[in-house]
Each structure stands twice: as structure tokens, then as C-alpha cells.
Amino acid sequence: MAANTISLSISSNVVASKNLSSFQSRAFIAPPTISFPAKSKPGELSLSSTTLSKSRVRAGASQLMNEPLNDQRSFSSPTVVEVDLGDRSYPIYIGAGLLDHSELLQRHVHGKRVLVVTNDRVAPLYLDKTIDALTRGNPNVTVESVILPDGEKYKDMDTLMKVFDKAIESRLDRRCTFVALGGGVIGDMCGYAAASYLRGVNFIQIPTTVMAQVDSSVGGKTGINHRLGKNLIGAFYQPQCVLVDTDTLNTLPDREMASGLAEVIKYGLIRDAEFFEWQEKNIEALLARDPAALAFAIKRSCENKADVVSQDEKESGLRATLNLGHTFGHAIETGFGYGEWLHGEAVAAGTVMAVDMSYRLGWIDESIVKRVNKILERAKLPTTPPESMTVSMFKSIMAVDKKVADGLLRLILLKGPLGNCVFTGDYDREALDATLRAFSKS
């Protein structure tokens, strides 16, 4: 295998239980049990059961399966996935009603001053509840807030300055804590502000969308967009904790719900074949917001993300595999206009393009292509880019992608059985050109 190729493999020889009964007479199917290969193939970086144990989970899948849907999980045993980064490790708390338990947030607040960063859609729903969780029984803490306009098109320097303006006007010092309350845009901007303000202050993520809960809030990627490319300005900066209150999904618009599932599907394609098979059985349950299905999907996604981040925090290789479909998808977002398509919608179309290219290279069989298209369609996600996208637009935007190294565009592509992928610049350029021609105008 070429030196500039990183391969990821996961076992697909697991036999699922024959007793896949419905959950409380719903469509939710029992989560699979994963086994991992003892040895990797020559030239491949392979996950093992030892590696995965870095994601420490305090509430197992059996707990999720055996609890009635109308039962309120006791606060004494929330699901906790740990991102293992040595002395910078932090927990991801997952559960319903977590914002009602103030001790969870308060244990991660540094100092006596807090700045909550949110947007004009989330603030009316959850800002008061968050302030109450931060201050209940703790009169020494004072909370300021800044409410930004909602949408990807506002993920820019001008909007970011509003956060700095509020922090400086409020005379917040280095002992303050920033809290990101919202989706991926708010999380990215608040995190970047925290990384930059006074050269770094404490911050906490409270993601309120599926996209943010399963992906963007975990791992410390923060930043803003530039008119020439998405997420080109930013920093790696880890939060003190991520608090995933799944009740916040009750107010999420259907389009946002579907958008977030693109990232869930990604994990199955690149490294967790059994999770993908579970998704094929449960995609309608996820769209219907089945609590048990969502709880499992969020937990399993966070375990996958935490495991990768623990091994490759700053994306030197392995972490790049989490960007399946993102190179094409970011080009769509940039070329079509930030906010015109949701991030997950662009990633979905980009994933189809990456899978198409993988097939043209002869790296996967046609059945995977069909399965990817089918599950994305069932998830109500686009499988082709906007008609206005041209080959030249794709090429010019992808040329400034963060994964370009020494002028070489490196891509995440599927290779081998389901659940295997490579991060590589070693591919036939004709295959890329053919994919671009197939999905866009010349």
C-alpha cells in the first residue's frame, strides 16, 4: 500500500442474534454485538477490542434495550462515553432531561462567570433552562448570554466578533467558562472563541441537533468559514464536557433531523458495518424520533468518534477518515452558498459521490453503492448535488480543501467490504473526473 494511504478495517463476520424482537412493539431492532479482528491486514491500521476500550461507557447497550420507552432514566446512571486524551480527557453525557440536573453542568464550570453562546432559534427554547442549570443552588455564578443569528451563512468573522464583544464588555477573565448551546455552527464558533479569548478559556458543549450530538460537538474541532472555503479558519480546542440532552431533539425540525443522520450513516460505512446494518433496519424509527433508537444511535456514534479522536486528535491520518463525503460536500456548501443546503444534506450527496468514485476504482462492489443510495433516500436526504454545481466549481473549491497536502488532493474512499475505508491521494485521477462528470455539468 502506498505510503500516503491510511486504511481502516473492521470485522464484518459477526452473526446477529436471531431474536431481533421489536422494542416495546416498535420498529427498534436490538443493537448488534461487534467483534474485532485480532490482527490487521498487512499495511492496514485496524481497530481492535483493546483500542475500542478507550471509549469508557458506563451504561451499556443492554440498559438501553431493557428500559421501557416511557421510563425516565435515573440520573444516577446516565450513559457516559469518555474521550481519552490523557489529562485533557472529558466525558460525553447522554440522556433525556439532563438539563434538569444542574450538578452535571456545574461540576465543569471554572470560576464564577459564564457566557452562554446560542442563536435566535434555540434561545427561546433552552436558554432559560440552561441558565437555571448553571446557577441553581449556586448563587456565586453569574451568567451572561449572547444570541447570534441562526444559520451557516453567519459562521463568519463578523458574527464571531459579537462573542468577543460580549465577553470583553462583560469583563470576563481567564477563569470564565463559555457554554455553546445550539447546533454545529454555534458549537464551532463558541469553541473557536473560547480557544482565542485571552488565549484560551474553559468551554462546555450543549449540542441541540443530531448533527452536533453525534459529531461536531465531540473532538475539539472549532472554527469559522471563509468565503473561499468551509472551516478554513479554526483551532483544535477540546471542551470540558459534552452534555447531550436528547429531549432537545423534540423541537428539532424534520429537515434538521434528517440532516444529522448523514453523519450517523457515515460511521457505519467507514468503520462499523454492524452499525450500518442496524441503521438499515431502523432508519424509519430514527426519523420518527423513537427514543430508544435515537439513544442507541447517538451513543454508538459518540463511541466511534471518541475512539478515533483518542487515537488521532489533530487529524494526522486516522481522524481524516471521519470526513467521508465531506470534500465533495464542503464544495457543495461553498459553491451553492452557505446555508442553502444543510451540512448533512451536502455530506449525503458527497457520500454518494465518494462511493461512486470508489466503485469506479474497483474498490467496492455494486451492492454497497445500491445500499448507500437506498438508505440515504429512505433518510430523506439528497443523493445528487444541486444542478448549479459544475465540474470546474468542484475542482476549484476542492483544491483548497484542508486535506490537500503538497498540492495533492487526498480523499476518503471506501475499499473492500462494508466498514472499510482509506484516506489516500493514490488513486486514478480519471475516476475522480468521471465521478464529477456524472454528477455535475461540464
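Residues numbered from 1 in each chain as written. Predicted model: local features only at pLDDT ≥ 70, side-chain atom pairs only at ≥ 80, totals over all residues. Heavy atoms only, no water.

- Labelled according to an unreviewed UniProt entry, the protein chain appears under the name 3-dehydroquinate synthase, chloroplastic, originating from Arabidopsis arenosa.
- Of the comments in the UniProt record for the protein chain, the one headed Pathway (unreviewed entry) reads "Metabolic intermediate biosynthesis; chorismate biosynthesis; chorismate from D-erythrose 4-phosphate and phosphoenolpyruvate: step 2/7."
- A UniProt comment under Subcellular location (unreviewed entry) is attached to the protein chain, and it reads "Plastid, Chloroplast". (UniProt positions renumbered as here; feature names shortened; annotations may be inferred.)

So, the overall build of the protein chain
Move 1: Helix and strand counts for the protein chain come out as 15 helices and 15 strands.
Move 2: A total of 442 residues make up the protein chain; the buried ones form 59% of that total.
Move 3: Of the roughly 17700 Å² that the protein chain leaves accessible, carbon and sulfur atoms contribute 48%. (Helix = DSSP H or I, 4+ residues; strand = E, 2+ residues; numbered from the N terminus. Buried < 20%, exposed > 50% of the residue type's maximum accessible area, 1.4 Å probe, protein only. Areas by Shrake-Rupley, 256 points an atom, 1.4 Å probe, with all protein chains shown as cover.)

Some details on helix α12 (residues 343-360)
Move 1: Helix length check: α12, at 18 residues, gives a terminal C-alpha distance of 26 Å against a target of 26 Å (1.5 Å per residue), a fit within 8%.
Move 2: Buried residues dominate α12, accounting for 16 of its 18 residues.
Move 3: In the stretch just after α12, Gly 362 is the one whose phi turns positive, near 80°. (Expected span 1.5 Å × (residues − 1).)

Brief notes about helix α4 (residues 123-135)
Move 1: The end-to-end C-alpha distance of α4 is 17 Å, a good match for the 18 Å that 13 residues give at a rise of 1.5 Å each.
Move 2: Among the residues of α4, Ala 123, Tyr 126, Leu 127, Thr 130, Ala 133 and Leu 134 are the ones counted as buried. For α4, the arc enclosing every buried residue in end-on projection is 135°, short of the 170-degree limit, so these residues lie on one face. Set apart from the buried face of α4 by more than 90 degrees, the exposed residues are Pro 124 and Asp 128.
Move 3: Where the residues of α4 are buried, they touch α3 (102-106), β5 (113-119), β6 (142-148), β7 (177-182) and β8 (202-207).
Move 4: Directly beyond the C-terminal end of α4, a positive phi value near 70° is found at Gly 137. (Arc of directions from axis to C-beta. Contact = heavy atoms within 4.5 Å.)

Notes on the pairing of β7
Move 1: Of all 6 residues in β7, 6 are buried; the element is thus mostly enclosed.
Move 2: Sheet topology places β5 next to β7; 4 bridges connect them, and they run parallel. Across the sheet, residue Val 117 finds its bridge partner in β7, namely Ala 180.
Move 3: Judged from the 6 bridges that link them, β7 and β8 form a sheet pairing that is parallel. Paired with Ala 180 across the bridge in β8 is Gln 205.
Move 4: Viewed along the sheet, the connection from β7 through helix α6 (residues 184-196) into β8 turns out right-handed. (Pairing = 2+ DSSP bridges. Right-handed = clockwise from strand over helix to strand, strands pointing away.)

Details of the pattern of salt bridges
Move 1: Throughout the structure, instances matching the rule amount to 23 salt bridges.
Move 2: Here Glu 144 and Arg 113 are joined by a salt bridge, their closest N and O atoms 3.9 Å apart. Taken together, the residues Glu 144 in strand β6 and Arg 113 in strand β5 connect sequence positions 31 residues apart.
Move 3: A cluster of three or more residues bridged by salt bridges with shared partners is formed by Asp 215, Glu 263, Lys 266 and Lys 305. (Salt bridge = Lys/Arg side-chain N within 4 Å of Asp/Glu carboxyl O.)

Some remarks on the pairing of strand β10 (residues 229-236)
Remember that side chains alternate between the two faces of the sheet whenever the strand is regular.
Move 1: Relative to β10, strand β9 (residues 221-226) runs antiparallel, the two being bridged by 5 bridges. Counterpart to His 226 in the pairing with β10 is Gly 229.
Move 2: Hairpin connection, β9 to β10: the antiparallel pair is bridged by 2 residues.

Digging into the packing of helix α11 (residues 326-336) against helix α14 (residues 391-398)
If you want to describe how two helices pack, look at the angle between their axes and the distance between the axes.
Move 1: Between α11 and α14, whose axes approach to 9 Å, the crossing angle comes to 110°. Classed by the angle they form, the pair α11 and α14 counts as roughly perpendicular. Contacts between α11 and α14 pair Thr 327, Phe 328, Ala 331, Ile 332, Thr 334 and Gly 335 from the former with Met 393, Phe 394, Ile 397 and Met 398 from the latter.
Move 2: For the contact of α11 with α14, the residue count by class is 7 nonpolar, 3 polar and no charged. (Axes fitted to C-alpha atoms, helices over the stretch in contact; angles between N-to-C directions. Parallel < 35°, antiparallel > 145°, perpendicular 65-115°, else oblique. Nonpolar A, V, L, I, M, F, W, Y, C, P; charged D, E, K, R; others polar.)

Focus on unusual backbone geometry
Move 1: A positive phi angle is found at Arg 199, which is not glycine, with a value near 65°.
Move 2: Examined against the element boundaries, Arg 199 turns out to sit in the loop between α6 and β8.
Move 3: Overall, the relative accessible area of 77% leaves Arg 199 in the exposed class.
Move 4: At Glu 315, a position not held by glycine, the phi torsion is positive, near 60°.
Move 5: With respect to the helices and strands, the residue Glu 315 is situated in the loop between α10 (291-311) and α11.
Move 6: A relative accessible area of 19% places Glu 315 in the buried class.

Overview of the packing of helix α8 (residues 254-271) against α12
Move 1: Close contact between α8 and α12 brings their axes to 7 Å; oriented N to C, the two are set at 40°. In terms of orientation, α8 lies oblique with respect to α12. For the pair α8 and α12, the crossing hand works out as left-handed. Between α8 and α12, the residues in contact are Arg 255, Ser 259, Ala 262, Glu 263 and Leu 269 and His 343, Gly 344, Glu 345, Val 347, Ala 348 and Thr 351, respectively. (Left-handed = near helix turned anticlockwise from the far one by under 90°.)

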